[in-house]
Amino acid sequence: MSNLFYSKVIDDGTYQYRHVICPKGTLKRFRAMDHFLTDLELRTLGISQQTLCRNCTPSAHHWHHYAWHAPEPDLLMFRRANR
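Just so it is clear, the model here is predicted, and its values are computed rather than measured. (Residues numbered from 1 in each chain as written. Predicted model: local features only at pLDDT ≥ 70, side-chain atom pairs only at ≥ 80, totals over all residues. Heavy atoms only, no water.)

Where do I start with the side chain of Ser7 in this structure?
By secondary structure assignment, the location of Ser7 is in the loop between strand 1 (5–6) and strand 2 (10–11). Residue class for Ser7 comes out buried when judged on its relative accessible area of 7%. Within polar-contact distance, the side chain of Ser7 engages the backbone nitrogen of His19 at 2.8 Å. Sequence-distant contacts of Ser7, defined by excluding residues within four places in its chain, comprise Arg18 and His19. (Helix = DSSP H or I, 4+ residues; strand = E, 2+ residues; numbered from the N terminus. Buried < 20%, exposed > 50% of the residue type's maximum accessible area, 1.4 Å probe, protein only. Polar contact = N/O pair within 3.5 Å; in protein donor to acceptor, adjacent residues only side chain to side chain. Contact = heavy atoms within 4.5 Å.)

Whenever I open this one, the pairing of strand 3 (residues 15–21) confuses me. Can you help?
Within a regular strand, the side chains alternate between the two sheet faces. Residues of strand 3 alternate between two faces, with Gln16, Arg18 and Val20 buried on one and Tyr15, Tyr17, His19 and Ile21 left unburied on the opposite face. Judged from the 2 bridges that link them, strand 1 and strand 3 form a sheet pairing that is antiparallel. Its bridge partner lying in strand 3, Tyr6 is registered against Val20. Relative to strand 3, strand 2 runs antiparallel, the two sharing 2 bridges. The partner of Asp11 across the bridge, within strand 3, is Gln16. Between strand 2 and strand 3, which pair antiparallel one after the other, the connecting turn spans 3 residues, and Gly13 there sits at a positive phi close to 95°. Alignment of strand 3 against strand 5 (residues 75–81), held across 7 bridges, turns out to be antiparallel. Bridging across to strand 5, Arg18 finds its partner in Phe78. (Pairing = 2+ DSSP bridges.)

Would you explain the nonpolar core in this entry?
General note: in soluble globular proteins, nonpolar side chains tend to be found buried as a group. Counting 15 residues, the largest nonpolar core has Val20, Cys22, Leu45, Ile47, Leu52, Leu76 and Phe78 as its most contacted members. The residues touching Phe78, leaving out its near neighbours within four places in the chain, are Gln16, Tyr17, Arg18, Val20, Leu42, Ile47, Leu52, Trp63, His64, His65 and Tyr66. (Core = buried A, V, L, I, M, F, W, Y, C linked by side-chain atoms within 4.5 Å.)

Right under this line is the structure:
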């Protein structure tokens, strides 16, 4: 999927965080499922571990979708543990 916006990585010492903004309406069907997205579901959107690691240091620890941000329905929030 094109038109994805990847944020910069933010590090709080325990986790690294980043978010992805998808085109409007793209996540509507997934939000209705009421669970965090799996790698397979993310790949259907064009989001992979490789694309999440763009412009950041690769790590053996994978990014995980960990929260929905209610005010922004087209935003996916990811985090991964620091080594």
